[in-house]
Amino acid sequence: EILKNRMEKVHDYNRGFILDGFPRTAAQVGLLSNVVDVNLVLNMNLREEALITKCAGRRTCSECGGSFNLADVNLAGVSYERPPIVMPPLFPPPGCLNKMTSRPDDAEEVIKQRLNIYKRESEPVKALYRKEGLLVDYEIVGGLEHTLPHLLDSIHACLLDRDRLMHSSNLIGSF
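Residues numbered from 1 in each chain as written. Predicted model: local features only at pLDDT ≥ 70, side-chain atom pairs only at ≥ 80, totals over all residues. Heavy atoms only, no water.

Attention now moves to the packing of helix α3 (residues 48-56) against helix α4 (residues 108-131). Describing two packed helices takes the angle between their axes plus the distance from one axis to the other. Following both chains from N to C, one finds α3 and α4 inclined at 130°, their axes separated by 10 Å at the closest point. The pairing of α3 with α4 is recorded here as oblique in orientation. You can see that α3 and α4 cross each other, and the crossing is right-handed. Seen from α3, the contacting residues are E48, L51, I52, C55 and A56; seen from α4, they are E108, I111, K112, L115 and K119. In the contact of α3 with α4, the residues fall into six nonpolar, no polar and four charged. (Axes fitted to C-alpha atoms, helices over the stretch in contact; angles between N-to-C directions. Helix = DSSP H or I, 4+ residues; strand = E, 2+ residues; numbered from the N terminus. Parallel < 35°, antiparallel > 145°, perpendicular 65-115°, else oblique. Left-handed = near helix turned anticlockwise from the far one by under 90°. Contact = heavy atoms within 4.5 Å. Nonpolar A, V, L, I, M, F, W, Y, C, P; charged D, E, K, R; others polar.)

The next subject is the pattern of salt bridges. Counted under the stated rule, the structure contains eleven salt bridges. With a shortest N-O distance of 3.0 Å, D105 and R103 are connected by a salt bridge. In the salt-bridge network here, residues are joined through shared partners; they are R58, R103, D105, D106 and R114. (Salt bridge = Lys/Arg side-chain N within 4 Å of Asp/Glu carboxyl O.)

Let us now look at the sheet that holds strand β6 (residues 100-101). One open sheet accounts for three strands, arranged β3-β2-β6; its pairing is antiparallel. Of all strands in the sheet, those with a lone pairing partner are β3 (67-69) and β6, marking the two edges. Sheet topology note: the strand β2 (residues 58-61)/β3 ladder contains three bridges and is antiparallel. Paired with R59 across the strands is F68, a residue of β3. (Pairing = 2+ DSSP bridges.)

Cis geometry is adopted by the peptide bond preceding P23, which originates at F22 and carries an omega value of 0°. Along the polypeptide, P23 turns up in the loop between α1 (2-9) and α2 (26-33).

What follows is the structure, encoded as structure tokens:
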């Protein structure tokens, strides 16, 4: 109901939109499919050790509300599919340094518990969207300045490929 109400407020959601972190469960997939047609699902992967380090490094300035990350991730590559990961910290300005707070659920053990729940609940979602040909896996190997341009290129290429398939599907068997 919340999603449906929100979608009704968006002036032109037919041009496209992004839902971050939703749906996470099979039940939510059903709810979403009752409201909109899903055209593409991004599964953004980050190696678990990097994800834990980044979550544990999150900080917020109690005065200005700014978000920062003290984690300095520099992990060696494991294989071609798992290249090196470099994510420098996002330090606060000097005026915020002594006003940093962290979330209680960003303790390492709590992060690991949350990741286990996420994996258990999201696997059926990924399997469903993969079966429908909608899932695109994307491996994060750097910070935002590295990830965003490559991610946008991947999305664009995926959408172009889908568009070509849709427009050429009526040619199958006519060669």
